[in-house]
Amino acid sequence: MKIIFSPCPNDTFIFHALVHGLVPGTPEFDVTYADIDVTNTLAEANDGADIMKISYAALPWIHKDYALIPCGGALGRGCGPLVLSNDSAAEPSSLSGKTVAVPSERSTAYLLFRLWAAQKIPGGVGKIIVMPFNEIMPAVRDGKVDAGLVIHEARFTYEAYSLTMLTDLGDWWEEDTGLPIPLGAIIAKKSLDLKAVERWIRKSVQYAWNNPEASRDYVMDHAQEMSPDVAKAHTDLYVNEFSEDLGKDGYAAVTSLLNRAADEGLVPKIDFSSLQIQK
């Protein structure tokens, strides 16, 4: 069975047991590691794996043959994307008409940024430039763009680039909605036994929590030169109760994000029930 997820510590921590045969009754997995912007594109074209990690923001575009698995993904509180500037005196309103670098236009981070900007930036931003997330902070530091939208471990490292945080979009979202931030979703082809897939992934999450040292080498092998401390902070932040089960608040967060984004014309309207595993 083919599976694609990112090399980020939260994904390798969650899926370690599943792809190493430590969850009883699972098939052998053929693993591909890819950033979420790659998997978003594959899912939209129905050219991906049996199981994939994508952005929740990409759900309105995924092919009808995929379903949402309610575990293994990334939601949370206090883990939102950041908007950064190299001007310590900058304020959100100063981004009016300016150039902002973003890692993807099919990401929750981008939707949160656009929803926040609609509230906080008079007249809106000027130009949006998509670039690899690891290039954004250097571009902001060097003045190539006026601000940058960053994700993942950048929230732990941006000060090393002498950058200033204009806003934490997670804080804004939680204050505005009271809900967690929906970041990465796990989807699987509807032709599979989806209940079994859900069970396998949930058991892999539980194994990771019960045996936190078991995945250490695997996580660090794929951690893209991250320090062990940053990798652990990344995992601690993004692997939480919603990784085991979306639950009421998780589903509410996803529907709120996508409905609000659709109202702003950022994504197509979606029948969310068509993506859920039927009870």
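Quick caveat: nothing in here was measured; it's all calculated off a predicted structure.

1. Things to note about the pairing of strand β3 (residues 51-55)
Along β3, five of the five residues are buried, which leaves the element largely enclosed by surrounding structure. Judged by which residues are buried, β3 turns out to be covered on both faces: Ile-51, Lys-53 and Ser-55 on one side and Met-52 and Ile-54 on the other are all buried. Sheet topology note: the strand β1 (residues 2-5)/β3 ladder contains two bridges and is parallel. By the bridge assignment, Ile-4 is partnered in β3 with Met-52. Looking at chain direction, β3 and strand β10 (residues 181-189) are connected through five bridges and run antiparallel. Within β10, the position partnered with Ile-54 by the bridge is Ala-185.

2. Description of the sheet that holds β3
As summarised here, the arrangement of the five strands in space is β2-β1-β3-β10-β4, forming an open sheet in which the pairing is mixed. With one partner strand each, in any of the chains shown, β2 (30-33) and β4 (66-76) form the two edges of the open sheet. Adjacent strand axes in the sheet meet at a mean angle of 25 degrees when their direction is disregarded. On the sheet, helix α7 (residues 194-210) packs against β3, β4 and β10 and is oriented at approximately 20 degrees with respect to β4.

3. Here's the deal with the pairing of strand β6 (residues 99-102)
Both faces of β6 are covered, namely the face carrying Thr-99 and Ala-101 and the face carrying Val-100 and Val-102. Across four bridges, β6 lies against strand β7 (residues 127-130) in parallel orientation. Residue Val-102 lies in a different strand from β7, and its bridge partner there is Val-130. Since β6 and β7 lie parallel, the crossover through helix α3 (residues 108-120) that links them has a hand, and here it is right-handed.

4. Observations regarding the nonpolar core
Counting residues in hydrophobic clusters, the biggest one holds 57 residues, and the most contacted among them are Ile-54, Leu-59, Val-83, Leu-111 and Trp-116. If one sorts the elements of this core by residue count, α3 sits on top with eight residues. Apart from the residues lying within four places of it in its own chain, the contact partners of Val-83 are Leu-95, Phe-113, Trp-116, Ala-147, Gly-148, Leu-149, Thr-164, Met-165, Leu-166, Thr-167 and Leu-169. The next biggest cluster of nonpolar side chains, apart from the first, holds 26 residues, and it includes Cys-71, Ile-186, Ala-196 and Tyr-218.

5. So, the pattern of salt bridges
Enumeration according to the criterion identifies eleven salt bridges in this entry. A salt bridge links Asp-249 to Arg-77; the shortest N-O distance between them is 3.9 Å. Pair noted here: Asp-249 is in helix α11 (residues 247-263) and Arg-77 is in the loop between β4 and β5 (82-85), with a separation of 172 residues, a long-range link. For Asp-236, the salt bridge goes to Lys-232, with nearest N and O atoms at 2.8 Å. Separated by four residues within a single helix, Asp-236 and Lys-232 lie in helix α9 (residues 228-238), roughly one turn from each other. Connected via shared salt-bridge partners are Glu-198, Arg-202 and Asp-245.

6. Points about the packing of aromatic side chains
How two aromatic rings sit relative to each other is given by the distance of their centres and the angle of their planes. Overall, the coordinates contain six aromatic pairs when judged by the stated rule. Ring plane angle 15 degrees and centroid distance 4.7 Å describe the contact between Phe-5 and Phe-15, whose orientation is recorded as stacked. Of this pair, Phe-5 sits in strand β1 while Phe-15 sits in helix α1 (residues 9-19), and the two are ten residues apart along the sequence. Across this residue pair, the class does not change: Phe-5 and Phe-15 are buried. Geometrically, the ring pair formed by Tyr-251 and Phe-272 is edge-to-face, given 6.1 Å between the ring centres and 75 degrees between the ring planes. Linking Tyr-251 in helix α11 with Phe-272 in the segment after α11, this pair joins segments that are 21 residues apart in sequence.

Parameters and conventions
- Residues numbered from 1 in each chain as written.
- Predicted model: local features only at pLDDT ≥ 70, side-chain atom pairs only at ≥ 80, totals over all residues.
- Heavy atoms only, no water.
- Buried < 20%, exposed > 50% of the residue type's maximum accessible area, 1.4 Å probe, protein only.
- Helix = DSSP H or I, 4+ residues; strand = E, 2+ residues; numbered from the N terminus.
- Pairing = 2+ DSSP bridges.
- Axes fitted to C-alpha atoms, helices over the stretch in contact; angles between N-to-C directions.
- Contact = heavy atoms within 4.5 Å.
- Right-handed = clockwise from strand over helix to strand, strands pointing away.
- Core = buried A, V, L, I, M, F, W, Y, C linked by side-chain atoms within 4.5 Å.
- Salt bridge = Lys/Arg side-chain N within 4 Å of Asp/Glu carboxyl O.
- Phe/Tyr/Trp six-rings, centres within 6.5 Å; stacked < 30°, edge-to-face > 60°.

Purely geometric stuff here, so don't read any function into it on its own.
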